Amino acid sequence: AAVIGLGFDAVTKAIGDSTDVFAANDNGPRQVVISGLADAIEKVKPDLMQAGARRVIPLKVSGPFHTPLMADAAALFGEALSKIQFSPFVKPCFSNVTGQLFPSAAEISGLLLKQLVSPVRWTQIMENLGNLAEEQSLNAAVEAGPGSVLAGLWKNSGSQMQCYSADTSEKIETLLEMIGRL
């Protein structure tokens, strides 16, 4: 469920010591996604509203992603990751787990594994990407893949840098045309 109106720390506090629901995505200062067992999410809604949430919106997802409830899947994923030799990134890439740049090729596998059971630190990524953009004189970010959720979160982050969604072939063509004019 998306919790609107509270930050990550407030949501974590409102959830308390639950072992069935967790703050899973730190999407921004006023939006957090909680994940876990459906009945447990229903039980914490009143606590979230009492803590100041404006809305708690159920999300249609197929699992309790980015929580300790994914430990079994993480074990299987770890087996697959152990067979992959990662090379250093050519371009900067941020870890969902830390919100920081991946420190080295040797740590990629471990951080990819942790992202199954750890909260997504999108707020920290936006801040750090904005700082990197400023340092390197970058003027735009692009969300690749389906949907435009991250571009929307970026827009609400207060960053001066634009973030464009590339979720359709038309949007990709428009972006390529923009780049060609630069």
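Look up: the structure comes first, before these words.
Draft legend 1. Expanded view of a nonpolar patch on the surface. A cluster of nonpolar side chains, contributed by Leu 59, Val 61 and Phe 65, occupies part of the molecular surface with about 260 Å² of accessible area. As for its position among the elements, Val 61 is in the loop between β4 (55-57) and α3 (71-81).

Draft legend 2. The arrangement of helix α5 (residues 122-135) in detail. Helix length check: α5 (14 residues) gives 20 Å between terminal C-alpha atoms against 20 Å at 1.5 Å per residue, within 8%. All of the buried residues along α5 are Trp 122, Ile 125, Met 126, Asn 128, Leu 129, Gly 130, Leu 132 and Ala 133. Backbone geometry just downstream of α5 places Ser 137 in the positive-phi region, at approximately 55°.

Draft legend 3. Spotlight on the sheet that holds strand β1 (residues 2-4). Taken in spatial order, the four strands line up as β2-β3-β1-β4 in an open sheet, and their pairing is antiparallel. Of all the strands in the sheet, the pair left with one neighbour each is β2 (21-28) and β4. Ignoring strand direction, the axes of neighbouring strands in this sheet form an average angle of 25°. Bridging between β1 and strand β3 (residues 31-36) involves three bridges; their strand directions are antiparallel. When the bridges of β3 are listed, Ile 4 appears paired with Gln 31. Across the sheet, helix α1 (residues 8-15) lies against β1, β2 and β3, angled at about 165° from β2, the strand it touches most.

Draft legend 4. Representation of the pattern of salt bridges. Inspection of the entire model under this criterion finds two salt bridges. Across the pair Lys 45 and Glu 42 runs a salt bridge, and its minimum N-O distance is 3.0 Å. Linking Lys 45 with Glu 42, this pair stays in helix α2 (residues 38-50), spanning three residues, or about one helical turn. A salt bridge links Lys 171 to Asp 167; the nearest nitrogen and oxygen atoms lie 3.1 Å apart. In this structure Asp 167 comes out as partly exposed when scored by relative accessible area, which is 26%.

Draft legend 5. The arrangement of the layout of surface pockets in detail. Of the pockets and cavities examined, the largest pocket occupies roughly 1100 Å³. Forming the boundary of the largest pocket are 43 residues, of which Asn 25, Asn 27, Val 120, Val 149 and Leu 150 lie nearest the centre. Counting residues per element, the ones that place at least two in the lining of the largest pocket are β2, β3, α2, α5, β5 (140-144) and α6 (149-155). For the lining of the largest pocket, the class distribution of residues is 31 nonpolar, nine polar and three charged.

So, how was this worked out
Residues numbered from 1 in each chain as written. Predicted model: local features only at pLDDT ≥ 70, side-chain atom pairs only at ≥ 80, totals over all residues. Heavy atoms only, no water. Patch = residues over 30% accessible without salt bridge, like charges linked within 9 Å, V, L, I, M, F, W, Y side chains within 5 Å. Areas by Shrake-Rupley, 256 points an atom, 1.4 Å probe, with all protein chains shown as cover. Salt bridge = Lys/Arg side-chain N within 4 Å of Asp/Glu carboxyl O. Helix = DSSP H or I, 4+ residues; strand = E, 2+ residues; numbered from the N terminus. Expected span 1.5 Å × (residues − 1). Buried < 20%, exposed > 50% of the residue type's maximum accessible area, 1.4 Å probe, protein only. Pairing = 2+ DSSP bridges. Axes fitted to C-alpha atoms, helices over the stretch in contact; angles between N-to-C directions. Contact = heavy atoms within 4.5 Å. 1 Å grid on protein atoms, 1.4 Å probe; cavity = no way out; pocket = protein on both sides within 12 Å on 5 of 7 lines; lining within 4 Å. Points joined across faces, edges and corners; volume = space filled by probe spheres on them. Nonpolar A, V, L, I, M, F, W, Y, C, P; charged D, E, K, R; others polar.

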